[in-house]
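Examining the three-dimensional arrangement
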Protein chains: 6
Amino acid sequence: MIFVCAGSFDPVTNGHIDIIERASILCDKLIVVVLKNSVKIPTFTLDDRLDLLRRVLGHLPNVEIDHYAGLLVDYMKLKKARVIVKGLRAVSDYEYEMQMAHINKTQYPEVETLFMTASINYSYLSSSFVKELARNGGNIDFFVPSIIKDLILGKLKDTGGN
Amino acid sequence: MIFVCAGSFDPVTNGHIDIIERASILCDKLIVVVLKNSVKIPTFTLDDRLDLLRRVLGHLPNVEIDHYAGLLVDYMKLKKARVIVKGLRAVSDYEYEMQMAHINKTQYPEVETLFMTASINYSYLSSSFVKELARNGGNIDFFVPSIIKDLILGKLKDTGGN
Amino acid sequence: MIFVCAGSFDPVTNGHIDIIERASILCDKLIVVVLKNSVKIPTFTLDDRLDLLRRVLGHLPNVEIDHYAGLLVDYMKLKKARVIVKGLRAVSDYEYEMQMAHINKTQYPEVETLFMTASINYSYLSSSFVKELARNGGNIDFFVPSIIKDLILGKLKDTGGN
Amino acid sequence: MIFVCAGSFDPVTNGHIDIIERASILCDKLIVVVLKNSVKIPTFTLDDRLDLLRRVLGHLPNVEIDHYAGLLVDYMKLKKARVIVKGLRAVSDYEYEMQMAHINKTQYPEVETLFMTASINYSYLSSSFVKELARNGGNIDFFVPSIIKDLILGKLKDTGGN
Amino acid sequence: MIFVCAGSFDPVTNGHIDIIERASILCDKLIVVVLKNSVKIPTFTLDDRLDLLRRVLGHLPNVEIDHYAGLLVDYMKLKKARVIVKGLRAVSDYEYEMQMAHINKTQYPEVETLFMTASINYSYLSSSFVKELARNGGNIDFFVPSIIKDLILGKLKDTGGN
Amino acid sequence: MIFVCAGSFDPVTNGHIDIIERASILCDKLIVVVLKNSVKIPTFTLDDRLDLLRRVLGHLPNVEIDHYAGLLVDYMKLKKARVIVKGLRAVSDYEYEMQMAHINKTQYPEVETLFMTASINYSYLSSSFVKELARNGGNIDFFVPSIIKDLILGKLKDTGGN
């Protein structure tokens, strides 16, 4: 079975990695796909986001990294994949994601979304919080792997705090 | 009794039509009013939004279409109407709308907001989802009446995906 | 238009009265119906609950009081009524009531549930809180009309705190 | 991969069957296990609940039916299974189930709970609603397969409406 | 300033202790009061619950343990205390507690409820989960201090699993 | 004990004042600090926001007004303060603030966030609603002290409705 884990990963955090590691054990192949969102402008470039993902997911042999500009359901059809895996942190996340899962079913009835609960230590963690902390000199050691911490801080300095 | 159903209708969806049809049976006259929101910039022009509403609501004899730049409560006073009807999709909608209903009471104590639950098939549907799908080549057949589908797709192409 | 406001009213509180008063203005006739719930055992007898309702709703000429043992939808059919009016206090109320509204639609597709938000001063008020306070010597002056306060306190003493 | 779907199934509804059918496609074997709950007393006997499950799940070759008195995590260990699959209807379901998933992790760190969103038509459906309707002469055709409808109605009559 | 932390503590868990320790630093005296709830029948006797509290809170010099049969607001008046401190685990807890805080204000306008968020490791923990685990042979090491674990298991055996 | 109440106060409302008044009674000193948010652009200038705060909080002798560009936790360290006090209006507020409280703990483990429930009359009130009303000629008498009402209306006119 192929699982697909989609997001903007702007940037990847320990919360994403936790879900990807746990989900990768449950499937033959897990594709992590960076989606181009037509509305939100990302802080990190696509190349940077893919680079960060590659650096922190290299230890997972059955994980592939990809990117796509378009609807997730079209990507799923392209890959002949039918399982979307989605990490849920908070209760308020769930309502939006449940709506998204219903929308996806209307486009591709065979697609299924499997939700996993974020590990307790990452249940309050988001890319936005990481960026807010990093821009203001906070400590992001708990939130991103040490091997990409300096890269993230450097890139954020370059973007001048966008 | 006059009911007023207000929104940005950017664009109108089957979800709006469902609420308008069901509410129109419960009152003498239902006014559908497109409100100019001072914060959000709409994707469709006011004229386009009114045009789309007229095309899909023509079969409802006691429904009037109008527009207003200002507070909904001021429109209600102007029309000597006291019932706002509001469709609710998700639970998270309700908290915001409940606050809005209390605010409206402070401005016009006689006004009442009646909430109706979206029909199950439209409970996950929003104008934003429709636009996101349409811009990315998704199928919006389930979400808007067929007689306005091509108009919506055409207008979205003109706006270049805003 | 006939509105029906159903509940166990065990006992009626200012929160119920607020919704009934506001709803009665919006319809020709409002029927307040005490439903026999097959699961919960009420604290007050049916006769007491009807008596309390009659004492506090007498000033509303278009309000009728009734009782029924069975499904609300069957009562609606019996009365040829199609509008259920329901007060919502908290956000968590809404999810349950939304499910109930969908269930009712499967039994009687013409039925509509209109939700009204409790007035801000009664948004935290429930029959259970009133009973808990009354049993422990708390002050229920804010929560029930003065003309039934002593009746409620007396009846609760008789039931020995059930 | 073995998935386990646990519950009281008191009685099984179309909502359960929807999740079981969709989940069974995603795994090699799906075990449906009726758990003895130490707190809630079921309406249907264990034998009746197992019988109803067998009647409606016979068409799914990789689905097994079982029962267990004890903690779900202990059953998972016994079966060397690590994936719990859980259907979610409403938003309020999710918070409880997320807590349960964390508790289960403390007992058996390898266990994962995968949540699936109920199909839109069953998003408001529960065993309790089915029993409440059935006891009061409501129509349960939308909620349970026709081949077990009469069995459910008959058994409920025997229990005298508990 | 005196803080009061009230509950049924049936039994005390690491979640309660976490809140009590953190709150005790913020006040001159913290009173932990076991309230007799007129509705729920506790699993542990009052004496057992007080005994367990004493065993695990002895290291906190400014913490007192007490019990009361009646409304928390009456206890607050008796002690001339005006701050209730309340730990919140989940989002759904908050709505109920917010209602309770408003009710308490009507009885004793000077009373204030301060809410603290449970530490992340106890955010899913409740006395009910502890009892459910303990009765079924689960591991409660993460949830209660080791010095009371055997007492809890022994008492639960005596009550025959109520 | 020093309490810190942080926000953008854009502009201060009766809701903020209610929390500040109630919290100031519970501590030796309460610092109200206007935080520069790196993402949201405020409607009122920092000077205007500080001026409005000074005009409405002058009657509270133990309240200080300050401003800071950076993380709240860094401000807390600077002031050797460890208690953040936060008003909660709606249930949906709580989930975000709970996440923020956990993030703050990772940066400064001694910091505690105490949540207070907004008084019932301000439970639906926000700076955004006040601005929306004011820009459209609505009545903001219920929402801001009369001594700053004209200042707010004047400043909003100057900003041209941003």
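Below, the structure is looked at part by part. Remember, predicted model here, so these are calculated numbers, not experimental data. (Residues numbered from 1 in each chain as written. Chains lettered and ligands numbered in written order. Predicted model: local features only at pLDDT ≥ 70, side-chain atom pairs only at ≥ 80, totals over all residues. Heavy atoms only, no water.)

1. Re the pattern of salt bridges
Overall, the coordinates contain 67 salt bridges over all chains when judged by the stated rule. For D48 of chain C, the salt bridge goes to K155 of chain C, with nearest N and O atoms at 3.2 Å. Pair noted here: D48 of chain C is in helix α2 (residues 46-57) and K155 of chain C is in helix α6 (residues 146-158), with a separation of 107 residues, a long-range link. Residue classification places D48 of chain C among the buried positions, given a relative accessible area of 16%. According to the relative accessible area criterion, K155 of chain C is partly exposed, its value standing at 28%. A salt bridge links D141 of chain D to K149 of chain D; the nearest nitrogen and oxygen atoms lie 2.7 Å apart. (Salt bridge = Lys/Arg side-chain N within 4 Å of Asp/Glu carboxyl O. Helix = DSSP H or I, 4+ residues; strand = E, 2+ residues; numbered from the N terminus. Buried < 20%, exposed > 50% of the residue type's maximum accessible area, 1.4 Å probe, protein only.)

2. Some thoughts on the interface of chain C and chain F
Each side of the interface is counted separately: chain C has four residues, and chain F has four residues. Scanning the region where chain C abuts chain F turns up zero salt bridges. Where chain C touches chain F, the interface holds zero residue pairs in polar contact (both at pLDDT 80 or more). Taken together, the residues that form the side of chain C that touches chain F break down as two nonpolar, two polar and no charged. (Contact = heavy atoms within 4.5 Å. Polar contact = N/O pair within 3.5 Å; in protein donor to acceptor, adjacent residues only side chain to side chain. Nonpolar A, V, L, I, M, F, W, Y, C, P; charged D, E, K, R; others polar.)

3. Thoughts on the arrangement of the chains
Nowhere do chain B and chain E come into contact; their C-alpha atoms are at least 12 Å apart. Regarding chain D and chain F, the two do not touch, and the least distance separating their C-alpha atoms is 12 Å.

4. Description of the relation of the copies chain B and chain C
Structural alignment of chain B on chain C gives an RMSD of 0.0 Å, achieved by rotating through 180 degrees and translating 0.0 Å along the axis. A rotation of that kind, with that shift, is consistent with a two-fold axis. Residue F115 of chain B, judged by its C-alpha, is the member of chain B lying nearest the rotation axis, at 2.4 Å. The residues that chain B uses at the interface reappear at the interface of chain C in 100% of cases, marking a shared surface. (Least-squares fit on C-alpha atoms with pLDDT ≥ 70 in both.)

5. Topic: the side chain of Q107 of chain C
Structurally, Q107 of chain C can be placed in helix α4 (residues 91-107). Judged by relative accessible area, which is 11%, Q107 of chain C ranks as buried. Apart from residues lying up to four places away in sequence, Q107 of chain C is in contact with V73 and K77 of chain C together with L133, G138, N139 and F143 of chain D.

6. Observations concerning the packing of aromatic side chains
Throughout the structure, instances matching the rule amount to 33 aromatic pairs over all chains. Between the aromatic rings of Y68 of chain B and Y75 of chain B, the centroid separation amounts to 5.3 Å while the plane-to-plane angle is 55 degrees, which identifies the pairing as tilted. For Y68 of chain B, a relative accessible area of 22% gives the class partly exposed. Between F142 of chain D and F143 of chain D, the ring centres sit 6.0 Å apart and the planes meet at 55 degrees, which makes this aromatic pair tilted. A network of ring pairs unites the aromatic residues Y94 and F115 of chain A together with Y94 and F115 of chain D as a single cluster. (Phe/Tyr/Trp six-rings, centres within 6.5 Å; stacked < 30°, edge-to-face > 60°.)

7. Notes on the relation of the copies chain C and chain F
When chain C is fitted to chain F, the residual RMSD is 0.0 Å, and the transformation amounts to a turn of 180 degrees plus an axial shift of 0.0 Å. The residues that chain C uses at the interface reappear at the interface of chain F in 100% of cases, marking a shared surface.

8. Details of the interface of chain B and chain C
Listed per partner, the contact involves 24 residues of chain B and 24 residues of chain C. Counting the surface chain B buries against chain C, the share from its top three residues, L26, V91 and Y94 of chain B, is 26%. Inspection of the chain B/chain C interface yields two salt bridges. Between E112 of chain C and R22 of chain B there is a salt bridge, with the nearest N and O atoms lying 2.8 Å from each other. Linking chain B to chain C there are five residue pairs in polar contact (both at pLDDT 80 or more). Listed by contribution, the elements that provide at least two residues to the side of chain B that touches chain C are β4 (83-88), α4 (91-107) and β5 (112-117) of chain B. Each residue belonging to the side of chain B that touches chain C can be placed in one class, and the counts come to 14 nonpolar, four polar and six charged. (Buried area = accessible area lost by both parts, 1.4 Å probe.)

9. Quick word on the environment of F129 of chain D
As for its position among the elements, F129 of chain D is in helix α5 (residues 127-135). Given a relative accessible area of 8%, F129 of chain D falls into the buried group. Spatially, the C-alpha atom of F129 of chain D lies 9.4 Å from that of I140 of chain D, the residues being 11 residues apart in sequence. If near-sequence neighbours (up to four positions away) are discounted, F129 of chain D is found in contact with Y96, Q99, M100 and I103 of chain C together with Y124 of chain D.

10. A closer look at the nonpolar core
Formed by 318 residues in total, the largest nonpolar core has its most connected members in L30 of chain A, L30 of chain B, L30 of chain C, L30 of chain D, L30 of chain E together with L30 of chain F. If we skip the residues at most four places from it in the chain, L30 of chain B touches F3, V4, C5, I20, A23, S24, N62, V63, E64 and V85 of chain B. (Core = buried A, V, L, I, M, F, W, Y, C linked by side-chain atoms within 4.5 Å.)

11. Description of helix α5 (residues 127-135) of chain B
Residues of α5 of chain B that are buried include every one of S127, F129, V130, K131, L133 and A134 of chain B, and no others. Considering only its buried residues, α5 of chain B is in contact with α4 (91-107) of chain A together with α1 (14-24) and α6 (146-158) of chain B.

12. A look at the packing of helix α2 (residues 46-57) of chain B against α6 of chain B
Helices that pack against each other are described as a pair by the angle of their axes relative to one another and the distance between those axes. Residue and element names in this part refer to chain B. Their axes nearest at 10 Å, the elements α2 and α6 cross at an angle of 165 degrees. One way to sum up the angle between α2 and α6 is to call them roughly antiparallel. For the pair α2 and α6, the crossing hand works out as left-handed. Taking contact as the criterion, the partners of D48, D51, L52, R55 and V56 in α2 are, on α6, I147, I148, L151, I152 and K155. (Axes fitted to C-alpha atoms, helices over the stretch in contact; angles between N-to-C directions. Parallel < 35°, antiparallel > 145°, perpendicular 65-115°, else oblique. Left-handed = near helix turned anticlockwise from the far one by under 90°.)

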